Amino acid sequence: MSETIFDKIIKREIPADIVYEDEQSLAFRDINPQAPVHILVIPKKAIATINDLTESDEQLVGHLYTVAAHIARAEGIANDGFRTVMNCNEHGGQSVYHIHLHVLGGKPLGWPPYAGD
Ligand code: 5GP
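Here's a quick rundown of the structure. Values in this document were obtained by computation on a predicted structure and should not be read as measured data.

The strand order β1-β2-β3-β5-β4 describes an open sheet built from five strands, whose pairing is antiparallel. The strands lining the two open edges of the sheet, one partner per strand, are β1 (18–21) and β4 (82–85). Taken over all neighbouring pairs, the strand axes of this sheet differ in orientation by 20° on average, direction set aside. For strand β2 (residues 25–29) and strand β3 (residues 37–43), the ladder comprises five bridges, and the chain directions are antiparallel.

Cis rather than trans, the peptide bond between Trp111 and Pro112 has omega equal to 5°. Mapped onto the secondary structure, Pro112 falls in the segment after β5 (101–105). The phi torsion at Arg12 lies on the positive side, around 60°, for a residue other than glycine. Its place among the elements puts Arg12 in the loop between α1 (5–10) and β1. In this structure, Asn89 takes a positive phi of about 60° despite not being glycine. Take Asn89: it is sitting in helix α3 (residues 89–92).

Before going further, it helps to examine the site of the ligand. Lining the immediate surroundings of the ligand are 16 residues, of which Asp30, Asn87, Gly93, Ser95 and His102 lie closest. In this structure, Arg29 approaches the ligand through a main-chain N or O atom, which is 2.9 Å from a nitrogen atom. In the environment of the ligand, an oxygen atom lies 2.9 Å from a nitrogen or oxygen atom belonging to the side chain of His100. Taking 510 Å² as the accessible area of the ligand by itself, protein coverage stands at 83%.

Once that is clear, we can look at the nonpolar core. Of all hydrophobic cores here, the largest spans 16 residues; its most connected members are Ile39, Val41, Leu64, Ile71, Leu101 and Val103. Elements represented by at least two residues in this core include exactly β3, α2 (58–75) and β5. Tallying contributions element by element places α2 first for this core, with six residues. For Leu64, the contacting residues outside a window of four places in its chain are Ser25, Val41, Ile42, Pro43, Met86, Ile99 and Leu101.

Right, let's get into the packing of aromatic side chains. Under the defined criterion, the tally for this structure stands at one aromatic pair. Aromatic side chains Phe6 and Phe28 sit 5.3 Å apart centroid to centroid with 75° between the ring planes, which places their arrangement in the edge-to-face category. Remark: Phe28 occurs in strand β2 and Phe6 occurs in helix α1; sequence separation between them is 22 residues. For Phe6, a relative accessible area of 6% puts it in the buried group.

Definitions and cut-offs
Residues numbered from 1 in each chain as written. Predicted model: local features only at pLDDT ≥ 70, side-chain atom pairs only at ≥ 80, totals over all residues. Heavy atoms only, no water. Pairing = 2+ DSSP bridges. Helix = DSSP H or I, 4+ residues; strand = E, 2+ residues; numbered from the N terminus. Axes fitted to C-alpha atoms, helices over the stretch in contact; angles between N-to-C directions. Near = heavy atom within 4 Å. Polar contact = N/O pair within 3.5 Å; in protein donor to acceptor, adjacent residues only side chain to side chain. Areas by Shrake-Rupley, 256 points an atom, 1.4 Å probe, with all protein chains shown as cover. Core = buried A, V, L, I, M, F, W, Y, C linked by side-chain atoms within 4.5 Å. Buried < 20%, exposed > 50% of the residue type's maximum accessible area, 1.4 Å probe, protein only. Contact = heavy atoms within 4.5 Å. Phe/Tyr/Trp six-rings, centres within 6.5 Å; stacked < 30°, edge-to-face > 60°.

Structure below.
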């Protein structure tokens, strides 16, 4: 699998506003935020898409959600509420092929997230 920009962030080869890190995961602010709080939670293990997950990744993906909840509390958006999104492939709007959980909040978010068609 070819290296993505997120691998470079993990290795500190390019800068990012990192808000959380542990052995398995890293979280940093999205460079193009779509809400007052927009943080990406990524596994350090490079997995391209949801389609590439195996049973051995179940603990890791669950961990991303635990980290998301921790971040939501730290950012003060847990009680009001927030949204987590993991896009997959072209129709899902995925642009970086290293799975990541978007954590969005800080304002009421529209639903459904698409405009027609
Ligand atoms: P996707 O479209 O794959 O679900 O989400 C990729 C996200 O990564 C986008 O929201 C985009 O703004 C963000 N992103 C892309 N390149 C960078 C970068 O170099 N740094 C940071 N912090 N975010 C990035």
